[in-house]
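Topology and contacts: notes
Listed here are the chains, written in short residue letters.
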Amino acid sequence: MAKSSGREMIVGIVLKHWIEFLINSNSTQSNNHNNQAIITIKQSQQSQQSQQMRIDIITLFPELLESPFQHSIMKRAKEKGILEVNLFNPREKYSIGQHKKMDDYQYGGGAGLVMLPEPLANCLDDFKAERDYDEIIFVTPDGERLNQSIANQLSLKENVIILCGHYKGIDERIREKYITREISIGDYVLSGGELAAAVIVDSIGRLLPGVLNDETSALLDSHQDNLLAPPVYTRPADFQGMKVPAVLLSGHQAKIEEWRFEQALLRTKERRPDMFEKF
Ligand code: ADE
C-alpha cells in the first residue's frame, strides 16, 4: 500500500462502484506491490456524491427489524439519504380471510407450515408495479452463502426486495416465479429470515459511498481483499505492560503499511488457510 500525499488519501482494494464513483470524480488509480488496485481519493470529493439505494423488506415480523436500522452506521446511511430501508408486513394487505391467513400445511404431509403463494404473489406484483427491482432476494438456509463479494455486488443495485420466510418456508412456485437470488447467511437454521435480512442489509449499507465517515474503511475491511484485517491498537501505548508494536508509533507510513500487510497475511494463514490459498 502506498503513502498519503497532500490532501489525497490512498486506499486499498477496488470495488466496481467505488471506481465508477471515483472515476466520475477527481481520483486516480494505480497498482501496489501486490498488483492490487489502489485508488487515490481527493478528499474534496468524498461527501459530494452518493448513490441512493432502496431496500424493501417483506416480513411477517417487521418489529424484529425495527431496531437494527435505527442505530449507528445504518442510521447515518438513512439520515444522509443514501440508503432507504422499508419494512412491509404482507399480512396487513394480502392475507386471506378474516383469520388473516398467510400459511398452510404442506402437501404430502410433514411438520411445519408453508407460506401461501397467493398473498406473496399479490404483494410482489404490487411492489413490482411500483418500480423496477434489480433483485428480489429470498433469504433461506439453502441459498448461496453470503460473502463479501455478494455484498459488493448487491451494493451496486438501486432497488432490492428482500423476502423473509417463516415457518417451513415459502411455496416453491413463488421462488420459481419471482425470486432472482437466494441467499443464506450461514450453514445453520434460523427461526425466520429477518436476522439474515438484517445481516445482508448491514453488509451492503456500509459499502455505499458516503455512509462511512472514513471513506477508506469499507475498502480495507477484512475479506474485502480475501485477507483478514491486521490487529489494531489505540491508546495507551502501554496497557498493563503490553506494548503497542513500535512500528505503529514510528510515524513511518510506508513501514506501517508494510507491517499491516504482513500481519494480515499471517493472520489469514493461521486462521483461514482456505482464504489464504485463494489470495
Ligand atoms: N432463514 C433461516 N435460516 C437462514 C439462514 N441461515 N440464512 C438465511 N435465511 C435463513
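A short tour of the structure in this document, coming up. (Residues numbered from 1 in each chain as written. Predicted model: local features only at pLDDT ≥ 70, side-chain atom pairs only at ≥ 80, totals over all residues.)

1. Remarks on the site of the ligand
- Taken together, the residues surrounding the ligand are V139, T140, P141, S184, I185, G186, Y188, V189, L190, G193 and A196.
- Ranked by the residues each element gives to the shell around the ligand, the list is headed by strand β8 (residues 135-145), at three residues.
- Of the residues assigned to the shell around the ligand, the class counts are seven nonpolar, four polar and no charged. (Near = placed C-beta within 6 Å. Helix = DSSP H or I, 4+ residues; strand = E, 2+ residues; numbered from the N terminus. Nonpolar A, V, L, I, M, F, W, Y, C, P; charged D, E, K, R; others polar.)

2. Things to note about the sheet that holds strand β5 (residues 83-88)
- Across the sheet, five strands lie side by side as β5-β4-β9-β8-β10; this open sheet has parallel pairing. Of all strands in the sheet, those with a lone pairing partner are β5 and β10 (181-184), marking the two edges. Strand-to-strand, the axes of this sheet are offset by a mean angle of 30°, without reference to chain direction.
- In terms of strand pairing, β8 meets strand β9 (residues 159-164) through five bridges, oriented parallel. Following the sheet pairing, I136 is matched in β9 by I161.
- Sheet strands in contact with helix α8 (residues 194-205) are β4 (53-58), β5, β8, β9 and β10, and its direction is about 155° off that of β9. (Pairing = 2+ DSSP bridges. Axes fitted to C-alpha atoms, helices over the stretch in contact; angles between N-to-C directions. Contact = placed C-beta atoms within 7 Å.)

3. Here's the deal with the nonpolar core
- Counting residues in hydrophobic clusters, the biggest one holds 44 residues, and the most contacted among them are I137, V139, I162 and A197.
- Sort the elements by how many residues they give to this core and α8 lands first, with six residues.
- With near-sequence residues (within four places) excluded, A197 lies in contact with I57, L65, V139, I162 and C164. (Core = buried A, V, L, I, M, F, W, Y, C linked by C-beta atoms within 7 Å. Buried ≥ 20, exposed ≤ 12 C-beta atoms within 10 Å, placed from the backbone.)

4. Examining helix α5 (residues 117-130)
- For α5, spanning 14 residues, the distance from its first C-alpha to its last is 20 Å, which sits close to the expected 20 Å at 1.5 Å a residue.
- The set of residues buried in α5 consists of P119, L120, C123, L124 and F127. In a view along the axis of α5, the buried residues occupy a sector of 125°, so they form one face of it. Across from the buried face of α5, at angles greater than 90 degrees, the exposed residues are D125 and A129.
- The inward-facing, buried residues of α5 abut β4, α4 (90-94), β7 (113-115), β8, β9 and α7 (172-178). (Expected span 1.5 Å × (residues − 1). Arc of directions from axis to C-beta.)

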